[in-house]
Structures are given as structure tokens and as C-alpha cells.
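Chain by chain, the residues:
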Amino acid sequence: MRKPAKEQMRQGLALFVLLVLTGLAIAGPTGLLAWSENSQALEQRTAQIAMLTEKRDALKNRVQLLNPKAADADLASELVRRNLGVLHADEVVITIEDE
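Small disclaimer: the values here were computed from a predicted structure and weren't measured.

The rules behind the values
- Residues numbered from 1 in each chain as written.
- Predicted model: local features only at pLDDT ≥ 70, side-chain atom pairs only at ≥ 80, totals over all residues.
- Heavy atoms only, no water.
- Helix = DSSP H or I, 4+ residues; strand = E, 2+ residues; numbered from the N terminus.
- Rg over C-alpha atoms; globule rule 2.2 N^0.38 Å.
- Areas by Shrake-Rupley, 256 points an atom, 1.4 Å probe, with all protein chains shown as cover.
- Lys, Arg positive; Asp, Glu negative; His and termini not counted.
- Charge placed at Lys NZ, Arg CZ, Asp CG, Glu CD.
- Salt bridge = Lys/Arg side-chain N within 4 Å of Asp/Glu carboxyl O.
- Buried < 20%, exposed > 50% of the residue type's maximum accessible area, 1.4 Å probe, protein only.
- Expected span 1.5 Å × (residues − 1).
- pLDDT = per-residue confidence, 0-100.

**Brief notes about the overall build of the protein chain**
Logical step 1: Along the protein chain, the regular secondary structure elements total three helices and zero strands.
Logical step 2: Reading the protein chain from its N terminus to its C terminus gives the helix and strand order α-α-α.
Logical step 3: A compact globule built from 99 residues should have a C-alpha radius of gyration of about 13 Å, whereas the protein chain, at 33 Å, is more than 25% larger.
Logical step 4: Expressed along its principal axes, the backbone C-alpha trace of the protein chain runs to roughly 110 × 40 × 20 Å.
Logical step 5: Element-wise, carbon and sulfur atoms account for 62% of the exposed surface of the protein chain, whose accessible area totals about 9,500 Å².
Logical step 6: Of the charged side chains in the protein chain, 12 are positive and 13 negative; the average position of the first set lies 24 Å away from that of the second.

What follows is the structure, given as C-alpha cells:
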């Protein structure tokens, strides 16, 4: 006994939708094949966040040291000497070349 054409069309459409969903689950942008790529990107972002957090903390410390109400004398002296080139008469400047 043969199924009516309408029923066959419904089954064919259901099969097509199932195949498309299966294909997306395997090869889609969030599918199984993209899993390792996403995992690698997550590791890179985590390392980048750690580096930026460390840099932010260093800058936060520097800002606290430059607080006008309680500036760190050594840091202020270092900045003035470096930026303005101010030296005492008895000081000697030794430059080190970066390699």
C-alpha cells in the first residue's frame, strides 16, 4: 500500500530539516568542528585578560603614587629628572643602550 503524496512530502520535508540541523550541529559556527577553535580562542582571551589586568594594576599603583595630596617623592623626582632633564651639579648620567 502506497502512502499518499501529501504524507510523503511531509516525511521528506521532516527528513530534510533533520539533515540540515544535523549538518549545523557538526559543521556550523558553534558545531563540533568549531569546538577546538573556540577553545583555543578562549585560552588566548584568558591570557590577554590576565596581561591587561596586570598592566591595569601597575597603572593603578602609579596613579596612587602620583596622588597630588601624597605624591611619592622618589617617583616625582624620577619623573622630573627623566622628562625635564634636571640634574644636580654632582650627578653623573650613565646611559644604557637597549639591545
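**A look at the pattern of salt bridges**
A side chain with one charge may pair with a side chain of the opposite charge, provided their charged atoms come close.
Logical step 1: A full pass over the atoms with the stated rule returns one salt bridge.
Logical step 2: Two residues, Arg56 and Asp57, come together in a salt bridge whose shortest N-O distance is 3.3 Å.
Logical step 3: Looking at Arg56, the relative accessible area reads 48%, which means it is partly exposed.

**With respect to the environment of Ala76**
Logical step 1: Within the secondary structure, Ala76 sits in helix 3 (residues 73-84).
Logical step 2: Using a relative accessible area of 30% as the deciding quantity, one classes Ala76 as partly exposed.
Logical step 3: Sequence separation of Ala76 and Leu66 is 10 residues, and the distance between their C-alpha atoms is 7.2 Å.

**Some remarks on helix 3**
Logical step 1: Compared with the 16 Å implied by 1.5 Å per residue over 12 residues, the 16 Å span of helix 3 between its first and last C-alpha is a close match.
Logical step 2: Remark: Gly85 follows helix 3 within two positions and exhibits a positive phi of approximately 70 degrees.

**Let's talk about the environment of Asn67**
Logical step 1: Within the secondary structure, Asn67 is located in the loop between helix 2 (35-65) and helix 3.
Logical step 2: The spatial distance from the C-alpha of Asn67 to the C-alpha of Ser77 is 14 Å, given a sequence separation of 10 residues.

**A closer look at the confidence of the model for the protein chain**
Logical step 1: In the predicted model, the protein chain carries a mean pLDDT of 86, and the fraction of residues at 70 or more is 98%.
Logical step 2: By mean pLDDT, helix 3 is the weakest element of the protein chain at 80, and helix 2 is the strongest at 92.

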